Amino acid sequence: GSPTQVSSTIYRYGFTGSFVEGTVRVTFKASSFTDLAGIPNTNSLEVEDFTITVTFNPLYLDFGKSSSPVADGYTRVSANDTWNGVFGWQAGAVKLNDYDTKLGSDLHRDFNYLESGTFSIALPDGTYDITVTLGDTRPTSNPHDLMGVFLEGTQVDSVTTTPGEVVNNTYTVNVSDGILDLTLDDLGGNNQWVVFMALEVVASRPPVTNIVINDVSQPEGS
């Protein structure tokens, strides 16, 4: 598009597009541009070369009570953490609560539990490996049967754990609307609760990210 004058000597050229994770190399040549009056640019010194890297850092969430320890490298999520535009439980979760068993590692000793509800995360569009940790470290707990796992509205699993068992399952999902929706729903059986300990989100294919590159020009002879 047309350049925007930032100051008496600096013009900004907007360059937009959708790119995946990796390296994007862009070269601007003087002969490609005209000034605001339409006169071709003859400044042979004006060649801009950019190298840009776009990355997505894995996300690690530890579900438990607000007062219990948080596993190293994880972010705490309690039953009170509602959707804030970044991540959180969506309104309408049924019987959502949290509990600390005080048994096991910092990651596994506590959990959020519910009959049904959706946890959402704002993510760049792309393909992700989602690891969902379900279970209960108490050896005297009831079995947790038929815990339904849904990603982006599609059921991907039904998980049953025995007393004291913790299960980690990884699923691949494509996000195309900027928000990952993980729905947990008790599908029946003898126990009504889905017991949710942890969530890991890792880009399995690079996310799509919009980049804006600005060419900051210098006057000829400077």
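Residues numbered from 1 in each chain as written. Predicted model: local features only at pLDDT ≥ 70, side-chain atom pairs only at ≥ 80, totals over all residues. Heavy atoms only, no water.

A. Highlighting the overall build of the chain. When its secondary structure is counted, the chain shows 0 helices and 17 strands. For the chain, long-range pairs separated by at least 24 residues make up 70% of all intrachain contacts whose partners lie at least 6 apart in sequence. By element, 48% of the accessible surface of the chain is carried by carbon and sulfur atoms, the whole surface being about 11,400 Å². (Helix = DSSP H or I, 4+ residues; strand = E, 2+ residues; numbered from the N terminus. Contact = heavy atoms within 4.5 Å. Areas by Shrake-Rupley, 256 points an atom, 1.4 Å probe, with all protein chains shown as cover.)

B. Layout of the pattern of salt bridges. As enumerated under the stated definition, the model contains 4 salt bridges in all. A salt bridge links Glu-115 to Lys-95, with the nearest nitrogen and oxygen atoms 3.3 Å apart. Taken together, the positions of Glu-115 in the loop between strand 9 (110–114) and strand 10 (116–122) and Lys-95 in the loop between strand 7 (87–89) and strand 8 (97–100) put the pair 20 residues apart, joining distant regions of the chain. Note on Lys-95: relative accessible area 51%, which makes it exposed. Across the pair Asp-136 and Arg-138 runs a salt bridge, and its minimum N-O distance is 2.7 Å. Given a relative accessible area of 27%, Arg-138 falls into the partly exposed group. (Salt bridge = Lys/Arg side-chain N within 4 Å of Asp/Glu carboxyl O. Buried < 20%, exposed > 50% of the residue type's maximum accessible area, 1.4 Å probe, protein only.)

C. Representation of the nonpolar core within the structure. In terms of nonpolar packing, the biggest core is built from 29 residues, with Phe-119, Ile-121, Ile-130, Leu-180, Phe-196, Leu-199 and Val-201 touching the most fellow members. Listed by contribution, the elements that provide at least two residues to this core are strand 5 (59–63), strand 7, strand 10, strand 11 (126–135), strand 12 (144–151), strand 14 (166–175), strand 15 (179–186) and strand 16 (194–205). Ignoring anything within four residues of it in the chain, the contact list for Ile-130 reads Leu-151, Asn-169, Thr-170, Tyr-171, Val-173, Leu-180, Leu-199, Glu-200 and Val-201. (Core = buried A, V, L, I, M, F, W, Y, C linked by side-chain atoms within 4.5 Å.)

D. Fine view of the sheet that holds strand 12. The strand order across the open sheet built from 5 strands is 7-10-15-12-13, with neighbouring strands paired in antiparallel fashion. The sheet is open, and its two borders are formed by strand 7 and strand 13 (154–161), each paired with just one other strand. Between one strand and the next, the sheet's axes are offset by a mean angle of 15°, whatever the strand orientation. Two elements, strand 12 and strand 13, share 6 bridges in a ladder whose sense is antiparallel. Note that in strand 13 the partner of Met-147 across the bridge is Val-159. (Pairing = 2+ DSSP bridges. Axes fitted to C-alpha atoms, helices over the stretch in contact; angles between N-to-C directions.)

E. Broad picture of the side chain of Asn-191. Relative to the helices and strands, Asn-191 is located in the loop between strand 15 and strand 16. Among the polar contacts listed, one links the side chain of Asn-191 to the backbone nitrogen of Trp-193, at a separation of 2.9 Å. Beyond its immediate stretch of four places on either side in the chain, Asn-191 contacts Asn-142, Pro-143, His-144, Asp-145 and Asp-186. (Polar contact = N/O pair within 3.5 Å; in protein donor to acceptor, adjacent residues only side chain to side chain.)

F. The arrangement of the pairing of strand 16 in detail. Inspection of the sheet shows strand 5 paired to strand 16 by 4 bridges, in the antiparallel sense. If you follow Leu-59 over to strand 16, its bridge partner there is Val-201. The sheet contact formed by strand 9 and strand 16 spans 3 bridges and is antiparallel. When the sheet's bridge partners are listed, Leu-114 is paired in strand 16 with Val-194.

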